[in-house]
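Each chain, written out:
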Amino acid sequence: MIFKTTSAPRRQLRRVRTTTALRPLRHRLDPARVEEIPFRAADGVRLGLTRVDPGESGRPAVLLLHGHTASADMFLLPETRNLVDSLLDDGYEPWLLDWRGSCRLPYNETGQRYTYDDVALYDIPAAVSHIRERIGDRPLFVVAHCIGSLTLSLSMTAGLVPGLAGVVSQGVFLTPKLAGRTSLRMSVAGELLKSRIDHIPVDFRKVGLWSKYTPLFALASRKASCPDPTCQMLHNSAWGSGASLFVHENLSEATHDRLAELLGPAPLWILPHLRRIELARSVVRWHETDGRYRSLPRNALDAAARIDTPVLLLAGSENGLWLDSQQLCHEVLAHRQPQLDVRYTEIPGYGHLDTFLGRGAALDVYGHILDFLGERR
């Protein structure tokens, strides 16, 4: 007897970007002034490095590092006076790195997975090395936001980026501190969702109403004052963590409408490293047995004596993600490493992302950055 069998219907594949080509930057600069540099990290991963030509030689250089799921676009907003505008007008040469957590690249959704060790060991040192080859003995500063700052602290305490002229760290540096409910949600969500999804999107238009992500957007919309699903996911929920990424009224309407472009999906597979960091209240290495990462300190705070440059810790007074992490960092370093040149500045009325994306950031925030750089150029 012959039994006829039918195969199960083939599961339709989700359309995602698989090419490593960078999405074009949006800006209002003369395209001839924007130099996109072919660039790969030492482990072969394609990244993005951009130089903005200031029109004259000899200027100090400033490397800008975005946060996870953001990109270099956050420093180039065409709808407002952005940080690159301010740096150019104040006599600097801006460089922008799209490290592997950039939403201009596909790695958060597809491709090889990574930890923050990879960013600290490969991405940031390679960018600094390339810039130094181009600028010679001119001063090189770094302005870093969120996870870009956190991973920079690991690079610095590993001695991989010595001799920087100064560092501005926004949001978090050596002592990450999340709200209790945020930490709990990250832990629970990571365990419950890891078998079903590998990232949390922010653009509801891409995933559609009848998708496995719909419950996450519904949860993010609870008690939200803004009807936009992307804003709900970011401002009201921070990818489901229950935190808030910005003060809503600080964003212009144009920037608010671009949130799905400015911030991408958050990969869930990074959560174990992030949870370990948060529980330790310090930036700790993920890889314990892999010899490739041996140059990174197990605990960056314990190796803070290796920091050889002045540091400005910036934070908004209403930071709904990292809370008072920067103030805590200043207090801890003042006690444990009093020889370090570290200062703390709080920006009243600002949250986390709006310190760079806010419509008034040029007036309220950038002056602190420029004053710090100007004292050391």
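Residues numbered from 1 in each chain as written. Predicted model: local features only at pLDDT ≥ 70, side-chain atom pairs only at ≥ 80, totals over all residues. Heavy atoms only, no water.

(A) Layout of the pairing of strand 4 (residues 93-98). The element strand 4 is largely enclosed, with a buried count of six among its six residues. Neither face of strand 4 is left uncovered, since the one carrying Glu93, Trp95 and Leu97 and the one carrying Pro94, Leu96 and Asp98 both have all their residues buried. In this sheet, strand 4 lies alongside strand 2 (residues 46-52) in antiparallel orientation, the contact comprising four bridges. Opposite Gly48, over in strand 4, you have Asp98 as the bridge partner. When strand 3 (residues 61-65) meets strand 4, the two strands line up parallel, connected through five bridges. Across the sheet, residue Leu63 finds its bridge partner in strand 4, namely Trp95. One crossover worth recording links strand 3 to the parallel strand 4 by way of helix 1 (residues 83-89), and it is right-handed. (Buried < 20%, exposed > 50% of the residue type's maximum accessible area, 1.4 Å probe, protein only. Helix = DSSP H or I, 4+ residues; strand = E, 2+ residues; numbered from the N terminus. Pairing = 2+ DSSP bridges. Right-handed = clockwise from strand over helix to strand, strands pointing away.)

(B) Quick look at a positive patch on the surface. Taken together, the side chains of Arg181, Arg185, Arg222 and Lys223 define a basic patch exposed on the protein surface. Note on placement: Arg181 falls in helix 4 (residues 180-193). For Arg181, a relative accessible area of 53% gives the class exposed. (Patch = residues over 30% accessible without salt bridge, like charges linked within 9 Å, V, L, I, M, F, W, Y side chains within 5 Å. Areas by Shrake-Rupley, 256 points an atom, 1.4 Å probe, with all protein chains shown as cover. Salt bridge = Lys/Arg side-chain N within 4 Å of Asp/Glu carboxyl O. Lys, Arg positive; Asp, Glu negative; His and termini not counted. Charge placed at Lys NZ, Arg CZ, Asp CG, Glu CD.)

(C) Summary view of the state of the cysteines. As enumerated under the stated definition, the model contains zero disulfides in all. Between Cys146, a free cysteine, and Cys103, which holds the nearest cysteine sulfur, the sulfur-to-sulfur gap is 13 Å. (Disulfide = S-S within 2.5 Å.)

(D) Seen up close, the pattern of salt bridges. Inspection of the entire model under this criterion finds 26 salt bridges. Of the charged contacts, one joins Arg100 and Asp123 as a salt bridge, the two residues approaching to 2.6 Å between their closest N and O atoms. Residue Arg100 is found in the loop between strand 4 and helix 2 (116-135), and its partner Asp123 is found in helix 2; the two are separated by 23 residues along the sequence. There is no split in this pair, since Arg100 and Asp123 are both buried. A salt bridge links Lys177 to Asp324; the shortest N-O distance between them is 2.9 Å. Of this pair, Lys177 sits in the loop between strand 6 (166-170) and helix 4 while Asp324 sits in the loop between strand 9 (311-316) and helix 11 (325-336); the two residues are 147 residues apart in sequence, bridging distant segments of the chain. Three or more residues are tied together by salt bridges with common partners; here these are Glu35, Arg51, Asp53, Glu93, Arg134 and Arg138.

(E) Structural view of the sheet that holds strand 4. Taken in spatial order, the eight strands of this open sheet run 1-2-4-3-5-6-9-10, and their pairing is mixed. The sheet is open, and its two borders are formed by strand 1 (34-40) and strand 10 (342-347), each paired with just one other strand. On average, each strand axis in the sheet is tilted by 20° relative to the strand beside it, whichever way the strands run. Summarising the sheet, strand 3 and strand 5 (residues 140-145) pair through five bridges and their orientation is parallel. Across the sheet, Leu63 pairs through a bridge with Val142, a residue of strand 5. On the sheet, helix 2 packs against strand 1, strand 2, strand 3, strand 4 and strand 5 and is oriented at approximately 150° with respect to strand 4. Its contacts with the sheet put helix 3 (residues 147-157) on strand 3, strand 5, strand 6 and strand 9, and the angle it makes with strand 5 is roughly 130°. (Axes fitted to C-alpha atoms, helices over the stretch in contact; angles between N-to-C directions. Contact = heavy atoms within 4.5 Å.)

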